[in-house]
Structure formats: C-alpha cells, structure tokens
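So the chains spell out like this:
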Amino acid sequence: MMNRPKETTMTYEQETDTRLAEVYGEILRLRNRQAGNREQLMYHAGLRKRYTTRSKYTWTNDGDFVEVSFPDALDRVQAMLAESGDEYFNPLSRGGTIQQVRDNLDKLDQLEIDIAKAEGEYMELEAAYTGWSRFFLVTSSRGHIHSSMGCSTCRPTTTYGWLPGLSGLTETDAVAEHGPALCSVCFPTAPVEMVGGWITAAQAQRRAA
Ligand SMILES: [Zn+2]
C-alpha cells in the first residue's frame, strides 16, 4: 500500500503541483504572521478585543463599543508616531517602545510585499492548470480525499494538504496509496469500495505536502 516506489522523475503535473503546494504553504505561513503583526498593531493603537461570541471578537476602545478597523488603527498609530517624535512611546494600553512600533510597521510592509509575491507565483502556476486530476487531504479534522480545496462537504474553515505526487494520476492510484477514503461528492463515479473511509488529521498532516 504505502511502499510503492517513489517516481524518480516527476511529471509536469506533479512538478507544477509540488511547487504550488509549497507556495500555498508559504502563503498560509505569511498570512499567519501578518495576523500576529496586525494584532500587535491593534494593541499599539490602544485597542482591546471585545468578544461577541466565544471565538469571535471586534477591536474596540476601552469602554466604548465602536468597532475599529485595521486601516483606522493603522492611521491612529501613524498619527501617534508623528506626534511622539523619538520619545518613549506609551499609547493607551499595552504599549511598546517607539522602536517596537516602527519595527512592527516595517514587518507589516515587508509581509505585504512577500504575500503579494507569493500570491503572484501561485496565480501564475494556477494559470497553467489544464484540469488534470488532483488530490487533497483534510488536515483540520478527520476527513476524506478530495479533488479540490472547494468541496461542498467541507466547511469554510477546513484546511487541506496537497498530494502533488498523485497529480495527473487516477482515483485507483490515490486509493492504492491512501486507502478507500475518496469523497463521494468529489469522485461521483468512483466504485463504492473506494469511497467513504476516513483519514485522521494527524495522518493527513504526515502524508500531505
Ligand atoms: Zn470532496
């Protein structure tokens, strides 16, 4: 099952999707870092999180329920920087030194450049896609093997891992390598014995790119 010899040379489809999987992972990492740096900026702007549900929140001023957007917070921090000159920077709450605030703004600028570059490469590679078969595992929970990252049986928060080594190959190849776990919606014509098995998130994380 799992010990099929690895191809020594990749096909065009496998090569393209291997690079796409790398760039996809890179974009996720960069966006994660950007979220962290943006959060830092919100604190530098003197804002706090106000939870509206257990997991959802908006950024607000203390004692004030008006939501403040990221661009507004950015304006606010830039105005504070302009006013404070080179003195110690102590905004309304959880402040940092002026250097920390400047460094964070520099990082945010650089992240924007890096994300645009990675997304550009992703779109360029994706533009070369002619519709060959692709296989994805769900990495956020127990799941099936899907043919895209837009499967209607998954949630918007589902995360996927690519299986670029299977790109351009058949459903039978995917099942030979990962077991009969095909998604019935993504692979409506697959024989019933290839469909419906589960792969755990931990297994998926080990197997996927
Ligand atoms: Zn599916």
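Structure first, text after, so check above.
The model shown is predicted, which means the values in this text are computed figures rather than measured ones.

Regarding its fold elements, the protein chain presents 5 helices and 5 strands. Reading the protein chain from its N end, one meets helices and strands in the order α-β-β-α-α-β-β-β-α-α. The globule rule puts the C-alpha radius of gyration for 209 residues at 17 Å, and the 23 Å found for the protein chain is more than 25% above it. With the principal axes as the frame, the protein chain shows a C-alpha extent of 65 × 35 × 30 Å.

Angles at a metal have ideal values that depend on geometry: 109.5 degrees with four tetrahedral donors, 90 or 180 degrees with six octahedral donors. Coordination sphere of the zinc ion, protein contribution only: His146 (ND1), Cys151 (SG), Cys183 (SG) and Cys186 (SG), at 2.1 to 2.3 Å. Geometry at the zinc ion is tetrahedral, judged from its 4 donor atoms and the angles of 103 to 116° they form at the metal. Taken in chain order, the donor set of the zinc ion reads H-x4-C-x31-C-x2-C. In this structure, cysteine 183 and cysteine 186 share a single accessibility class: buried.

This next bit is on the nonpolar core. Inside soluble globular proteins, nonpolar side chains tend to come together where they are buried. In terms of nonpolar packing, the biggest core is built from 34 residues, with Tyr122, Phe135, Leu137, Ile145, Trp162, Leu182 and Phe187 touching the most fellow members. Only helix H1 (12-44), helix H3 (98-127), strand E3 (136-138), strand E5 (160-162) and helix H4 (171-178) provide two or more residues apiece to this core. With 6 residues, H1 is the largest single contributor of residues to this core. When neighbours within four sequence positions are excluded, tyrosine 122 is seen to be in contact with Leu20, Val23, Tyr24, Ile27, Met149 and Trp162. Judged by nonpolar contacts, the second largest core, of 16 residues, contains Leu41, Leu47, Trp59 and Leu108.

In space, the 3 strands of this open sheet follow the order E4-E3-E5, with antiparallel pairing throughout. Since the sheet does not close on itself, it has two edges, and those belong to strand E4 (145-146) and E5, each with one partner.

At their nearest, the axes of helix H2 (residues 70-84) and H3 sit 11 Å apart, and the two run at 135° to each other. Viewed along their axes, H2 and H3 adopt a mutual orientation that is oblique. For the crossing formed where H2 meets H3, the hand is left-handed. Residues Phe70, Leu74, Val77, Gln78, Leu81 and Ser84 of H2 pack against Ile98, Val101, Arg102, Leu105 and Leu108 of H3. Each residue belonging to the contact of H2 with H3 can be placed in one class, and the counts come to 8 nonpolar, 2 polar and 1 charged.

This part is about the packing of aromatic side chains. Applying the stated criterion across every chain yields a total of 10 aromatic pairs. Between tyrosine 24 and tyrosine 122, the ring centres sit 6.4 Å apart and the planes meet at 40°, which makes this aromatic pair tilted. Here tyrosine 24 is found in helix H1, whereas its partner tyrosine 122 is found in helix H3, with 98 residues between them in sequence. Neither tyrosine 24 nor tyrosine 122 differs from the other in exposure class; each is buried. Taken together through their ring pairs, the aromatic side chains of Tyr24, Tyr122, Phe136, Tyr160 and Trp162 make up a single cluster. Geometry around phenylalanine 70 places arginine 38 over its ring, the cationic atom sitting 4.0 Å from the centre.

Cut-off values and rules
- Residues numbered from 1 in each chain as written.
- Predicted model: local features only at pLDDT ≥ 70, side-chain atom pairs only at ≥ 80, totals over all residues.
- Heavy atoms only, no water.
- Helix = DSSP H or I, 4+ residues; strand = E, 2+ residues; numbered from the N terminus.
- Rg over C-alpha atoms; globule rule 2.2 N^0.38 Å.
- Donors = N, O, S within 2.8 Å, 3.2 Å for Na, K, Ca; no water.
- Tetrahedral: all angles 85-135°; square planar, octahedral: opposite > 155°, others 65-115°.
- Buried < 20%, exposed > 50% of the residue type's maximum accessible area, 1.4 Å probe, protein only.
- Core = buried A, V, L, I, M, F, W, Y, C linked by side-chain atoms within 4.5 Å.
- Contact = heavy atoms within 4.5 Å.
- Pairing = 2+ DSSP bridges.
- Axes fitted to C-alpha atoms, helices over the stretch in contact; angles between N-to-C directions.
- Parallel < 35°, antiparallel > 145°, perpendicular 65-115°, else oblique.
- Left-handed = near helix turned anticlockwise from the far one by under 90°.
- Nonpolar A, V, L, I, M, F, W, Y, C, P; charged D, E, K, R; others polar.
- Phe/Tyr/Trp six-rings, centres within 6.5 Å; stacked < 30°, edge-to-face > 60°.
- Lys NZ or Arg CZ within 6 Å of the ring centre and 35° of its normal.

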